[in-house]
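The primary structure of each chain is shown beneath.
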Amino acid sequence: MNDRREALETMDGGRELMGKRQITILCSGFGLGFYIPGLLAASVFKERDIATEVLVFESYLEQDKRDHIADSRTAYHNNFALANFSARMPMDIRSSMDYAQVELLLEAWAAEERCEFISLSGHWVYILDLYREKMLPSPIHVDLLYVDSDLAPSWKSLKKFHPRYDEHYYNACLYDTGKMAIRYEIPVLPGAPLPFESRKRRLVVHGGGWGMGTYQSTIPELAGHNYGLDIVAYDWKEAKPDPGHRYWMNDPEWCSWVKSGSGLHEFPPYIEIAGEATNSYAAEADHHWLFDVASEAMAIVAKPGAGTLIDALASETPLILLEPFGSHELSNLELWESLGFGIRYEKWREMDFSVDVLKEMHQAIKNRPGERTNYVDHYCSRVALMKR
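Keep in mind the model is a prediction, meaning the values are calculated, not measured.

## Things to note about the sheet that holds strand β11 (residues 270-274)
Two modes of strand pairing occur in sheets, parallel and antiparallel, and in both the strands are linked by backbone hydrogen bonds.
Argument step 1. On the basis of which strands lie adjacent, the open sheet formed by 8 strands has the order β12-β11-β10-β9-β8-β13-β14-β15 and mixed pairing. Both outer strands of the open sheet, β12 (277-281) and β15 (342-344), are each paired with one neighbouring strand and no more. Direction aside, the axes of adjacent strands within the sheet are offset by 20° on average.
Argument step 2. Note: strand β13 (residues 299-302) against strand β14 (residues 319-321), 3 bridges, orientation parallel.

## So, the packing of aromatic side chains
Argument step 1. For the structure shown, the criterion picks out 21 aromatic pairs.
Argument step 2. On the basis of an interplanar angle of 55° and a centroid distance of 4.7 Å, the ring pair of W109 and F117 is categorised as tilted. Across this residue pair, the class does not change: W109 and F117 are buried.
Argument step 3. Judged by centre distance (5.7 Å) and plane angle (50°), the rings of Y227 and W348 are tilted.

## Here we look at the pairing of β12
Argument step 1. Both β11 and β12 contribute to a ladder of 5 bridges, which runs antiparallel. Counterpart to I273 in the pairing with β12 is T278.
Argument step 2. Hairpin connection, β11 to β12: the antiparallel pair is bridged by 2 residues, and G275 has positive phi, about 65°.

## Notes on the confidence of the model for the protein chain
Argument step 1. Residues at a pLDDT of 70 or more form 89% of the protein chain, whose mean pLDDT is 89.
Argument step 2. A low-confidence stretch, residues 1-19 (pLDDT under 50), is modelled with 30 contacts involving residues beyond four sequence positions or located in other chains.

## Notes on empty space enclosed by the protein
Argument step 1. In the structure shown here, the tally under the stated rule is 1 cavity of 30 Å³ or more.
Argument step 2. The volume enclosed by the largest cavity comes to roughly 30 Å³.
Argument step 3. F34, L120, Y146, V147, D148, D150, L151, A152 and W155 are the residues that line the largest cavity.
Argument step 4. Tallied by class, residues from the lining of the largest cavity come to 7 nonpolar, no polar and 2 charged.

## Things to note about the sheet that holds strand β1 (residues 22-27)
Argument step 1. Taken in spatial order, the 5 strands line up as β2-β1-β3-β4-β5 in an open sheet, and their pairing is parallel. Two strands bound the open sheet, and with one partner strand each, they are β2 (51-56) and β5 (170-173). Strand after strand, the sheet turns through a mean of 25° between neighbouring axes, direction not considered.
Argument step 2. The pairing of strand β3 (residues 116-119) with strand β4 (residues 141-146) spans 4 bridges and is parallel. Note on β4: the bridge partner recorded for S119 is L144.
Argument step 3. Packing against the sheet, helix α6 (residues 124-135) makes contact with β1, β2, β3 and β4, and its axis sits at approximately 160° to β3.

## Thoughts on the environment of S28
Argument step 1. When you line up the elements, S28 lands in the loop between β1 and α2 (36-47).
Argument step 2. Separated by 93 residues in the primary sequence, S28 and S121 place their C-alpha atoms 6.2 Å from one another.
Argument step 3. Filtering out sequence-adjacent residues up to four positions away, S28 remains in contact with F34, Y35, V56, F57, E58 and S121.
Argument step 4. Polar contacts involving the side chain of S28 include one to the side chain of E58, which spans 2.9 Å.

## Examining the pattern of salt bridges
Argument step 1. In this structure the tally under the stated criterion is 21 salt bridges.
Argument step 2. Across the pair K65 and D64 runs a salt bridge, and its minimum N-O distance is 3.6 Å.
Argument step 3. You can call K65 partly exposed: its relative accessible area is 32%.
Argument step 4. The exposure class assigned to D64 is partly exposed, which follows from its relative accessible area of 47%.
Argument step 5. When the shortest N-O distance is used, the salt bridge between D235 and K237 registers 2.6 Å.
Argument step 6. Using a relative accessible area of 16% as the deciding quantity, one classes D235 as buried.
Argument step 7. Among the charged side chains, a salt-bridge network with shared partners connects E47, R48 and D377.

## A short note on the environment of R21
Argument step 1. By the secondary structure assignment, R21 is in the loop between α1 (2-7) and β1.
Argument step 2. Sequence spacing of R21 and E112 is 91 residues, and the spatial spacing of their C-alpha atoms is 9.7 Å.
Argument step 3. Of note is the side chain of R21, whose polar atom sits 2.7 Å from the side chain of E116.

## A look at unusual backbone geometry
Argument step 1. At the junction of L136 and P137, the peptide bond is cis and its omega measures out at 10° in the coordinates.
Argument step 2. One can find P137 in the loop between α6 and β4.
Argument step 3. If you check the backbone angles, N226 has positive phi at about 65° while not being a glycine.
Argument step 4. Overall, the relative accessible area of 59% leaves N226 in the exposed class.

Reading the values: rules and limits
By convention here, each chain's residues receive numbers from 1 onward along its written sequence. In keeping with the predicted nature of the model, local features appear solely for residues at pLDDT of at least 70, side-chain atom pairs appear and are counted solely at 80 or more, and the whole-chain, interface and lining totals rest on all residues. Here the side-chain values reflect all heavy atoms present in the structure, with hydrogen atoms and water set aside. Strands are treated as partners if at least two bridges between them are detected by DSSP. Note on conventions: DSSP H or I runs of at least 4 residues are helices, E runs of at least 2 residues are strands, and numbering of each starts at the N terminus. All axes are obtained by fitting lines to C-alpha atoms, using only the stretch in contact for helices, and the reported angles, taken between N-to-C directions, cover 0 to 180 degrees. Pairing of aromatic rings covers Phe, Tyr and Trp, the last counted by its six-membered ring, and requires centre-to-centre distances within 6.5 Å; plane angles under 30 degrees mean stacked, over 60 mean edge-to-face, and any other angle means tilted. Exposure classes here rest on a 1.4 Å probe applied to the protein chains alone. A residue is buried below 20% of its type maximum, exposed above 50%, and partly exposed in between. What pLDDT expresses is the predictor's confidence in each residue, scored from 0 to 100. Residue contacts follow a heavy-atom distance rule, with two residues in contact if any of their heavy atoms lie within 4.5 Å. The way it works is a 1 Å grid over only the protein atoms, where trapped points that fit a 1.4 Å probe form a cavity and open points with protein on both sides within 12 Å along at least five of seven lines form a pocket, and then any residue with an atom within 4 Å of a point lines it. Grid points are joined across faces, edges and corners, and a volume is the space filled by probe spheres set on the points. Residues are grouped as follows: nonpolar covers Ala, Val, Leu, Ile, Met, Phe, Trp, Tyr, Cys and Pro; charged covers Asp, Glu, Lys and Arg; every other residue, Gly included, is treated as polar. Under the rule applied, a polar contact is a pair of N or O atoms within 3.5 Å (in protein, one hydrogen donor and one hydrogen acceptor; residues adjacent in sequence only if both atoms are side-chain atoms). In the sections that follow, a salt bridge refers to a side-chain nitrogen of Lys or Arg positioned within 4 Å of a carboxyl oxygen of Asp or Glu.

Put into structure tokens, the structure is as follows:
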């Protein structure tokens, strides 16, 4: 009975929102690129006085499957080839779902007459299909929000096992690979980004939310070319105190699918290691801490994940592109190269790690053509027209 009552309560301390407009943002904690953008969108909706609830798919997996995620994360961190192989293997997530918890969720949504959803992961579509059938003939509106320029693994798996998955929903794509263009953007903070001339001669180096890829191998070479480094560590043993570098990491105790003490899914708390000093910080209320670090740097050295693209655009910080994870990140890499917003690490090395190249790419992002359409504003105006 307690589980049922909790499922019927809202995420803002138990205050019921029966009859009030609320947009449910459906994220995944498997990669922070499908989690952080959802929280950022929720922050923008809040600025427009629209209530949201953020949910994370892994909360609705069977416990043993959820426990196994930590093993996968460590394996993919240690073996990037294994991670890329896994990205090519379709998975029918339905066999891993906790249907008792799913049913409680559907009952809660139905009791509140939820009708607006934004999903950043293909895995949620199976649950949305169940809810749509439950609510017939009342309609629901669902945006399938693609934060990569090609289908990420959850969408590819969904398409294999459910080819017509999008026939009742709206495909919202941030990027148009046919035109090599940006359609919509997810802002992070208001205000103009820091001019290039005011930035420190520093680079942010990271491997995405799971610390994957070749980023660690670049550190000695970059350090030898007079750049200070802000390195995102995967765990404590990677954080080596150094006077020229700072090490950062999400608090190892934090987990994206475990709610905070306030009953919300929030941005991660974080740790900074500078020299011999270690400082711990609470989560930011409206954005992720790494954005602040990237906003002061000359470039981000990373694989081209969805969250990294959003950070680069919002902070006008160019990307030094490392080996991508999966075909969706390869598509991201090609898009950023085409737009002049990034350069492959090997090519930048041939240019002797030039600062001038970084400045040119910063200017390309700053002066990017076309309208800068905020995805949240696009959503609000489109859904408002549909409801007339």
